[in-house]
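Chain by chain, the residues:
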Amino acid sequence: MTNTLTRLLQTRDWLLADGATGTNLFNMGLSSGEPPELWNVDHPDRIAKLYSFAVDAGSDLFLTNSFGGNASRLKLHNAQGRVRELNRVAAEIGREVADKAGRPVAVCGSVGPTGDIFAPMGTLTHELAVEMFHEQAEGLKEGGADVLWVETISAPEEFKAAAEAAKLAGMDWCGTMSFDTAGRTMMGVTSAQLASLVEKLPNPPLAFGANCGVGAADLMRTIMGFVSSGTERPIIAKGNAGIPKYHDGHIHYDGTPALMGDYACLARDAGATIIGGCCGTMPEHLKAMHEALSTRERGPRPTLEDVTEKLGAFSSNTDGTGDDPGPSRERRGRRRG
Ligand SMILES: [Zn+2]
């Protein structure tokens, strides 16, 4: 028995993922500090609408509203006893929307970080992390999620714990890290290190990659890092719609739909298979990405110069890989070109 995502990956050479969860929910009235997962039960119509944004824009998969649905995060709102319920309902609403789409759409059960730091710096242990992720995974499975989608991870320990939880739940999974610190994750992981970590897992993901981070340009550089690692696993690119800017007391992302259309095609040309957006990516961005991917021919592998020309400058000089990143990056750029 295979899941919808596996079948899609077997038959298609690119898949459109979804956009932002937070940005779109804030636009529907979620206040900052309010846990979005409670809306699964309190405002199921709004969550169905969030999922429909993606489906109606042409997405082949979307993530459930369960990013912070682990016991540790929900505890901040005294809802740690509702992990199973909130995740189950997140997936149930997703199942309903996906099954009405009239084409195969995968429901991907979002699993975000616990928010805790691993020992010895913090209190989190491998066993605790596995237990929390497993509890969440069982809820998502019960609600009908096709796969688990582990995202915005920065610590390799947490990535491994989530992989083990997926195994305990008997679910296929995908996993992405957020490379937001000069090309590395907050805990120092580079694109090359994630590519190698993934292959060492006892149950590797169906696909892996990067989400969120800084802007679309930085994310592209990370994707190019995965590709140059030689991985044969499908790569996920979920970049933010530009750079966050404070404006009138709220965060606004400066990426236009046209920029995100360019980004989507650059990601595909660079070798990504599953392409979507993260923070700031609204329905109009997704529509532009779908249009661009459906109508534009594949192009040659982009160089770093192609990326900055279309998407803007990188936030740092290097992507954090290599001892002498300047020249080695240049060599790789030529090989790719
Ligand atoms: Zn994001």
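In this text the structure is predicted, and so the values were computed from the model without any measurement.

Procedures and definitions
- Residues numbered from 1 in each chain as written.
- Predicted model: local features only at pLDDT ≥ 70, side-chain atom pairs only at ≥ 80, totals over all residues.
- Heavy atoms only, no water.
- 1 Å grid on protein atoms, 1.4 Å probe; cavity = no way out; pocket = protein on both sides within 12 Å on 5 of 7 lines; lining within 4 Å.
- Points joined across faces, edges and corners; volume = space filled by probe spheres on them.
- Helix = DSSP H or I, 4+ residues; strand = E, 2+ residues; numbered from the N terminus.
- Nonpolar A, V, L, I, M, F, W, Y, C, P; charged D, E, K, R; others polar.
- Donors = N, O, S within 2.8 Å, 3.2 Å for Na, K, Ca; no water.
- Buried < 20%, exposed > 50% of the residue type's maximum accessible area, 1.4 Å probe, protein only.
- Pairing = 2+ DSSP bridges.
- Contact = heavy atoms within 4.5 Å.
- Axes fitted to C-alpha atoms, helices over the stretch in contact; angles between N-to-C directions.

Let us now look at empty space enclosed by the protein. In total, this model carries three cavities of 30 Å³ or more according to the counting rule given. For the largest cavity, the calculated volume is near 90 Å³. Among the elements of the structure, helix 4 (44–57), strand 2 (61–63) and helix 12 (283–295) are those that each provide at least two residues to the lining of the largest cavity. With four residues, the top contributor of residues to the lining of the largest cavity is helix 4. Here the residues of the lining of the largest cavity are counted per class, giving 10 nonpolar, four polar and one charged.

Our next topic: the layout of surface pockets. Here the largest pocket defines a volume of roughly 1200 Å³. Around the largest pocket sit 43 residues that line it, and Thr21, Gly22, Thr23, Phe26 and Cys279 are the ones nearest its centre. Only helix 2 (22–27), helix 5 (71–75), strand 4 (147–153), strand 6 (207–212) and strand 9 (250–253) provide two or more residues apiece to the lining of the largest pocket. Residues belonging to the lining of the largest pocket are distributed by class as follows: 15 nonpolar, 22 polar and six charged. Considering only enclosed or pocket space, the second largest pocket measures out at about 340 Å³ in volume. What lines the second largest pocket is a set of 16 residues, among which Ser154, Ala155, Glu158, Met186 and Met187 lie closest to the centre. Where the lining of the second largest pocket is concerned, the elements lending two or more residues are strand 4 and helix 8 (156–169). Split into classes, the residues belonging to the lining of the second largest pocket amount to eight nonpolar, four polar and four charged.

This part is about the coordination of the zinc ion. Bound to the zinc ion are the protein donor atoms Cys212 (SG), Cys278 (SG) and Cys279 (SG), situated 2.2 to 2.4 Å from the metal. Sequence spacing among the residues donating to the zinc ion works out to C-x65-C-C. Assessed through its relative accessible area of 10%, Cys278 is described here as buried.

Taken together, eight strands build an open sheet; the order of strands is 1-10-7-6-5-4-3-2 and the sheet is parallel. A single partner strand is all that each edge strand has here, and the edge strands are strand 1 (15–16) and strand 2. Pairing geometry for strand 3 (residues 106–111) and strand 4, over four bridges, is parallel. Across the sheet, the residue bridging to Val111 is Val150, located in strand 4. Strands strand 2 and strand 3 of the sheet are contacted by helix 6 (residues 83–99), whose axis makes an angle of about 160 degrees with strand 3.

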